[in-house]
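# A structural walkthrough
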Amino acid sequence: MTPPEYTYPAGALAFPHRGLTGIAGLAPHQIWFLLDEAEQWVEMNRGAQKRVELLSGLTIINAFFENSTRTLLSFEIAGKRLGADVVNMAVATSSVKKGETLIDTAMTLNAMRADAIVIRHASSGAVQLIADKVDCPVLNAGDGQHEHPTQALLDALTIRQAKRAFNGLRVTICGDILHSRVARSNILCLASLGADVRVCAPPALMPADIEQMGVTVFHDFDAALKGADVVMMLRLQMERMEGQFIPSPREYRHLYGLTLDRLELAESNALVMHPGPMNRGVEIDSNVADHVERSMITTQVEMGVAIRMACLDVLTRKGRKMEGWA
Amino acid sequence: MSLHAPLTVTGGRLLLADGSIQSGAVRCEGGFITAIGAEVAAQDGDTVHDARGQIVAPGLVDIGVFAIDKPAFHFGGITRAALMPDQNPPLDVSARVRFAAQSGKPDFWVHPLAAATQGLEGKALAEIAMMRDAGARAVCTGRRWIGDSGTMLRLLQYTGMLGMVVIAHAEDAGIVGNAVATAGEMATRLGLPSAPAQAEALAIARDIALAEMANAAIHFRNVTTAAGLELVRAAKARGLKVTAGVSPAYFMLSDLSIGAFRTFTHLSPALRCEADRRAVVAAIADGTIDVIASGHDPRGPEDKRLPFSDSAPGMAGAETLLPLTMSLVRDGVIDMARAFELIAANPAKLLGVNAGSLAVGAEADIAVLDPERPWIVNSDKMAAAAGNTPFDRQPVQGRVLALFKGGVAVRMKKIGG
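Residues numbered from 1 in each chain as written. Chains lettered and ligands numbered in written order. Predicted model: local features only at pLDDT ≥ 70, side-chain atom pairs only at ≥ 80, totals over all residues. Heavy atoms only, no water.

## Describing the packing of helix α12 (residues 321–330) of chain B against helix α13 (residues 336–351) of chain B
Two measures define how a pair of helices packs: the angle their axes make with one another and the distance between the axes. All names here are of chain B. Their axes nearest at 9 Å, the elements α12 and α13 cross at an angle of 145°. Crossing hand, α12 versus α13: right-handed. Residue-level inspection shows Leu321, Leu322, Thr325, Met326 and Val329 of α12 in contact with α13, the latter providing Met336, Ala339, Phe340 and Ile343. Considering only residue class, the contact of α12 with α13 consists of eight nonpolar, one polar and no charged. (Axes fitted to C-alpha atoms, helices over the stretch in contact; angles between N-to-C directions. Helix = DSSP H or I, 4+ residues; strand = E, 2+ residues; numbered from the N terminus. Left-handed = near helix turned anticlockwise from the far one by under 90°. Contact = heavy atoms within 4.5 Å. Nonpolar A, V, L, I, M, F, W, Y, C, P; charged D, E, K, R; others polar.)

## Focus on the interface of chain A and chain B
Taken together, the 23 residues of chain A in the interface contact 18 residues of chain B. Overall, the association of chain A and chain B removes approximately 1700 Å² of surface from exposure, summing both partners, and the carbon and sulfur fraction of that is 57%. If you look at where chain A meets chain B, you find zero salt bridges. The interface formed by chain A and chain B contains six residue pairs in polar contact (both at pLDDT 80 or more). (Buried area = accessible area lost by both parts, 1.4 Å probe. Salt bridge = Lys/Arg side-chain N within 4 Å of Asp/Glu carboxyl O. Polar contact = N/O pair within 3.5 Å; in protein donor to acceptor, adjacent residues only side chain to side chain.)

## Notes on the confidence of the model for chain B
When pLDDT is averaged along chain B, the result is 96, and 98% of the positions lie at 70 or above. Confidence metrics for the complex model read pTM 0.93 and ipTM 0.92. (pLDDT = per-residue confidence, 0-100.)

## What about the sheet that holds strand β9 (residues 138–140) of chain B?
All names here are of chain B. As summarised here, the arrangement of the eight strands in space is β6-β7-β8-β9-β10-β13-β14-β15, forming an open sheet in which the pairing is parallel. The sheet is open, and its two borders are formed by β6 (60–65) and β15 (291–292), each paired with just one other strand. One ladder, built from five bridges, connects β6 with strand β7 (residues 78–83); its direction is parallel. Paired with Val65 across the bridge in β7 is Leu83. Running at roughly 150° to strand β14 (residues 242–246), helix α8 (residues 226–237) makes contact with β13 (218–220) and β14 of the sheet. (Pairing = 2+ DSSP bridges.)

## A look at the sheet that holds strand β2 (residues 85–90) of chain A
Residue and element names in this part refer to chain A. Reading across the sheet, the four strands line up as β2-β1-β3-β4 and stay open at both edges, with parallel pairing between neighbours. Across the chains shown, the open sheet's two edge strands, defined by having one partner strand only, are β2 and β4 (138–143). Shown here is a sheet whose adjacent strand axes are inclined to one another by a mean of 15°, direction ignored. Looking at chain direction, strand β1 (residues 59–64) and strand β3 (residues 116–121) are connected through five bridges and run parallel. By the bridge assignment, Phe64 is partnered in β3 with Arg120.

See the structure below:
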């Protein structure tokens, strides 16, 4: 059902990047290409037979320097469904925070001849640092407050399936924008595809000069919701806050919680999205999160596996000497 | 008395204390300059150095370095440096100050800066008078700002009485927090912890008010924003004992340089926006800034080959201090005489040392230099203990050809081309 907005060249020119460290640097048609590639895996994942041998014999290492449940699981399932050998390496942040250890770990993984490395790290730029040092493709599964590209891609796929086109689509992202890599990747991705992106947060949780990224800034949630086609909620990242940014979660909900009443302000068919994990009763009420027609939250998780399969497939094509990619 | 023969540097263009440039010679005896001028000639038994028409200038005096890194200082023409108290352990007792003061001799002089507070924690005052008598030339808050205004006031009252200048780091710590970048589009795109540039002006405003109350002298080591410089300008106009310094990174670079997470551009204070960079250039031109200093802080891969926010701030700056200051001369921002006020005479005055200018009676710290000579900064081939420079691969002009400390030639490490 590819809408005709973007065309892309054949073979490796469709996605000429060695790895996926961020949405920044991707052209709109390259984003589109990944979304198209993911569609086949959405279909396969819905069937009974959920495994192909495309990446058979390849080793994928998930190196997570920061705790994660859903993203790690999603990457693991994605790799396994493509037939790869997937190894998870969970490293406590404390032991790699200092000294050369991060680079040393990267060099070790490299020496083990992984065919792709998926990295999550608590510091912005850490994934790029590793990507510059290893020979295989590196996928960013979230670096600090910088980027989380596969999340943005899976969100785009979710939106595309429901709304078909992005041009002029009003997307409101509300929550802890300051500490959110999901917000940054989504802003870059959605703005690049032509959506009208609004961000909403109290000033303390809004990064400086974010309008330079092509978004409209709101502090009043009701105003930000007016006419929105998609409402994307983010949680408060208390663990990244030093000092007090908001008076209390209860007070936060008072101004920025997505309730059924507030959702009325958006378009009548507006989608509700959340990258998880949710704090029910804070940024989103349960009856909104579980809204059968409006909530896309479980669809997002489903699209996540397909997007990660597409990324692993595309990024290993050169290594697998696929025709047109080697 | 020196055991060395008297030195005469002949055939040079002398950069004199009054700012003029004159052909002639400089003669030094017993470690001091004894004669300067066109008629000065070498005498029998002198060591003679022919400057071959190059500039003969005072050795540079560098305020606020973090390490004693002699090869780098000598390469850069620096003969004296004021050492930051942020050592391990900190320079907060007289014994450590006395040791640091001896650590560069004979061919390099270290002027230790006394820690203002014990352990540089910003709480209890350190034994400043004892450190002064052990050789400390000024008092310094270190890398950090003293957050408690009461402590800062008492510090300034005390240093005012002792006649010592306080060298302050000007950034409001409550606003800065764990920031590693200046708030703005670049920090937002990179997702780096950032703080508004106004943290500097807030700190400067408070410290100027306290210094005025205490009638004490204060020097801000790095003033990097238009708002901060405006406060310094106004304080000077009111006759307060306020001076300001800056490192070349802040007039050469803006926060655009932190793109791609290059940790060599992780500095403290963080690099500012382009408008602030231009304000620094203007403040150097109009005299608001008194001192240009290297902030020399060599950091190896264990501190720098890390994610940006986990890396240590600081740059190796000793080798590029002269050429980057010379770039201001070539750009017509300042003239040669003013350049050497900024990198030699003013810092010497601030530290109260008898150096920093070519004058009879001054200590014979002399640099022979070619201000036009081109070379390329190469972080892999530096004299410094580490090559963490944001100016890597950048072509620069200005190179020291010979250096004399106390009238004795300094052996220079041969680096690069």
